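Read off the chains here:
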Amino acid sequence: MMTVVQFEERAAGGDKRIGIARLNSEKSLNALSLPMIQLLLPQLKAWAEDDGIACVWLEGAGEKAFCAGGDIVAMYNAMREQPGELVDDVAEFFGQEYRLDYAIHTFPKPFIVWGDGIVMGGGMGLMNGGSHRIVTERSLLAMPEITIGLYPDVGATHFLNQMPKGCGLFLGLTGAHMNASDALFLKLADHFVASSAKQEVLDALSAVTWGDTASLNREKVSDVLNAQGERDSKLRPAAQVEPNHALIQSLTDGDEVTTVVNAITGLETEDKWLGRAAKTLAHGCPMTAHIVWNQLHVGKDLSLADCFRLETTLSAQCAARGDFAEGIRALLIDKDKQPKWQHASVADVAAEDVDAFFTSPWSAGEHPLADL
């Protein structure tokens, strides 16, 4: 039987070892499943507490994807069985997924993520917590939840707010694809390395004489990746976001979400990247647009733990009362790409309907992530 996450330990300098975790589901583009999460969490805890482990390396099997999202088909089946209710299986998945993301964000040692190929949704959550996030010339990143009636989760309440002005809102609303150069500009990645240099980087890390402090070892990892990045810099793709940053700022500079959505969808442009982004938003879920707008405003002043607690609430409500199941049906089940959203347009969504998504179905002490 296939092991959905493979673990190995590689000998390194200073009598240390490198912990390597590999998402192992090539057929699903390494989509994150509950069994994967349940294997990763205890192993990361063990490595965090093992003085012999100098750093951790996380990658995806194959060459197509690091992780293309979460296992939303399993969630669809659970939602179909309990329409209009708080679905325990779905709440359990999201709660455990965010717990894993938080564990990576707070990991006490260098945590290196090899973000080669597709990095979307749940993959973005895994990658964002890393201390050293690597992208390659093949990296393709996105938070495309507006196409399935969800919203940018996995810590996006935090990381979209860290981006240059206007970019987080634009990317959350449009699900636009980003390449390696975009990821570096948007603070979604730290290092660029050629996809062909993975083994070279691992060999260099194995040759490091590791120290006894996490801060020193983080510097040692940075030195390895910076040196490789200089050699590979000519392979970096042309930026898509930075050249359009001034326009993105002006498009997102509205006082309400309807104004911003109208500005983006009304854009007349010959730029293929911008045009695709506008089209995705025009066909996207109206409620998602409202959730994105509100989560970014609410999330500005929240701690990372509170961001994940908010997202657990939002995800549970999307499963119980939102368009999430319909979005999955249209994209992945029937594949007709004709979702019938509950609202005809962003302007049709009532404020009280939006507020319900931000209301926790749990009391404070019962929240699945109350202990973060």
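In this text, all values refer to a predicted model and were calculated from it rather than measured experimentally.

Procedures and definitions
- Residues numbered from 1 in each chain as written.
- Predicted model: local features only at pLDDT ≥ 70, side-chain atom pairs only at ≥ 80, totals over all residues.
- Heavy atoms only, no water.
- Helix = DSSP H or I, 4+ residues; strand = E, 2+ residues; numbered from the N terminus.
- Rg over C-alpha atoms; globule rule 2.2 N^0.38 Å.
- Buried < 20%, exposed > 50% of the residue type's maximum accessible area, 1.4 Å probe, protein only.
- Contact = heavy atoms within 4.5 Å.
- Areas by Shrake-Rupley, 256 points an atom, 1.4 Å probe, with all protein chains shown as cover.
- Lys, Arg positive; Asp, Glu negative; His and termini not counted.
- Charge placed at Lys NZ, Arg CZ, Asp CG, Glu CD.
- Expected span 1.5 Å × (residues − 1).
- Arc of directions from axis to C-beta.
- Pairing = 2+ DSSP bridges.
- Axes fitted to C-alpha atoms, helices over the stretch in contact; angles between N-to-C directions.
- Left-handed = near helix turned anticlockwise from the far one by under 90°.
- Nonpolar A, V, L, I, M, F, W, Y, C, P; charged D, E, K, R; others polar.
- Core = buried A, V, L, I, M, F, W, Y, C linked by side-chain atoms within 4.5 Å.
- Polar contact = N/O pair within 3.5 Å; in protein donor to acceptor, adjacent residues only side chain to side chain.
- pLDDT = per-residue confidence, 0-100.
- Phe/Tyr/Trp six-rings, centres within 6.5 Å; stacked < 30°, edge-to-face > 60°.

Turning next to the overall build of the protein chain. When you go through the protein chain residue by residue, the secondary structure sums to 16 helices and nine strands. Relative to the 2.2 N^0.38 estimate, which gives 21 Å for 372 residues, the radius of gyration of the protein chain is 20 Å and therefore close to what a compact globule would have. A principal-axis box enclosing the C-alpha atoms of the protein chain has dimensions of 60 × 45 × 40 Å. For the protein chain, with 372 residues in total, the buried portion stands at 56%. Partitioning the intrachain contacts of the protein chain with sequence separation of at least 6 by distance along the chain shows that 74% fall at a separation of at least 24. Within the structure as shown, the protein chain displays about 15600 Å² of accessible surface, and the carbon and sulfur contribution to it stands at 48%. One way to put it: in the protein chain the 30 positive side-chain charges average out to a point 5 Å from where the 50 negative ones average out.

Moving on to helix α1 (residues 34–49). With 16 residues, α1 extends 23 Å from end C-alpha to end C-alpha; this agrees with the ideal 22 Å at 1.5 Å per step. Turning to α1, its buried residues are M36, I37, L40, L41, L44 and W47. Relative to the axis of α1, the buried residues are bounded by an arc of 140° and lie together on one face. In α1, the exposed positions that point more than 90 degrees away from the buried face belong to K45 and E49. Residues of α1 that are buried in the fold lie against β1 (5–12), β2 (16–23), β3 (53–60), α3 (88–105) and β5 (111–115).

Before going further, it helps to examine the sheet that holds β5. The strand order across the open sheet built from six strands is β1-β2-β3-β5-β7-β9, with neighbouring strands paired in mixed fashion. Since the sheet does not close on itself, it has two edges, and those belong to β1 and β9 (191–192), each with one partner. Two strands pair when backbone bridges link them, and β3 and β5 are joined in this way by three bridges, in the parallel orientation. Considered in β5, the bridge of W57 is made with I112. Each of β1, β2, β3 and β5 is contacted by α1, which is oriented at about 25° to β1, the strand it contacts most.

Here three strands make up an open sheet; going across it, the order is β4-β6-β8 and the pairing parallel. Of all strands in the sheet, those bounded by a partner on one side alone are β4 (65–67) and β8 (140–142). Ignoring strand direction, the axes of neighbouring strands in this sheet form an average angle of 15°. Two strands pair when backbone bridges link them, and strand β6 (residues 118–120) and β8 are joined in this way by three bridges, in the parallel orientation.

On to the packing of α1 against α3. At a minimum axis distance of 10 Å, the contact between α1 and α3 shows a crossing angle of 35°. Note on packing geometry: the crossing formed by α1 with α3 is left-handed. Mapping the contact onto sequence places L34, I37, Q38, L40, L41 and L44 in α1 and E92, F93, Q96, E97, R99, L100, A103 and I104 in α3. In the contact of α1 with α3, the residues fall into nine nonpolar, two polar and three charged.

Further remarks concern the pairing of β5. Taken residue by residue, a regular strand's side chains alternate between the two faces of the sheet. The element β5 is largely enclosed, with a buried count of five among its five residues. Residues F111, V113 and G115 point to one face of β5 and I112 and W114 to the other, with burial holding for every one of them.

This part takes up the nonpolar core. Residues L23, F66, L126, F170 and F324 are the most contacted members of the largest nonpolar core, which totals 93 residues. Look past the residues within four positions of L23 in its chain and what remains in contact with it is V4, V5, N30, M36, L40, L58, E59, G60, A61, F66, C67 and L126. Grouped together as the second largest cluster of nonpolar side chains are 20 residues, I18, I112, L205 and V224 included.

This part is about unusual backbone geometry. For N30, which is not glycine, the phi torsion reads 60° and is therefore positive. Take N30: it is sitting in the loop between β2 and α1. Here N30 falls in the buried class, since its relative accessible area comes to 1%.

Compared with the 16 Å implied by 1.5 Å per residue over 12 residues, the 17 Å span of helix α12 (residues 272–283) between its first and last C-alpha is a close match. Those residues of α12 not exposed but buried are W273, L274, A277, A278 and L281. Taken down its axis, α12 places every buried residue within 130° of arc, on the same side. Of the exposed residues in α12, those oriented more than 90 degrees away from the buried face are K272, R276, K279 and H283. The secondary structure elements touched by the buried residues of α12 are α6 (167–174), α10 (245–251) and α11 (257–265). Regarding α12, its N-cap is D271, as a side-chain oxygen of that residue lies 2.9 Å from the backbone nitrogen of W273 further along.

This paragraph deals with the pairing of β3. In terms of residue burial, β3 counts as a mostly covered element, since eight of its eight residues are buried. For β2 and β3, the ladder comprises seven bridges, and the chain directions are parallel. Along β3, the bridge assignment pairs I20 with W57.

A few words on the confidence of the model for the protein chain. This prediction gives the protein chain a mean pLDDT of 96; 100% of its residues lie at or above 70. Within the protein chain, β5 carries the highest mean pLDDT (99), whereas helix α2 (residues 72–81) carries the lowest (90).

Here we take up the packing of aromatic side chains. The final tally for this structure, using the stated rule, is nine aromatic pairs. Residues F170 and W273 carry aromatic rings whose centres are separated by 5.8 Å and whose planes lie at 35° to one another, so their mutual orientation is tilted. Linking F170 in helix α6 with W273 in helix α12, this pair joins segments that are 103 residues apart in sequence. A network of ring pairs unites the aromatic residues F93, F94, Y98, Y102, F308 and F324 as a single cluster.

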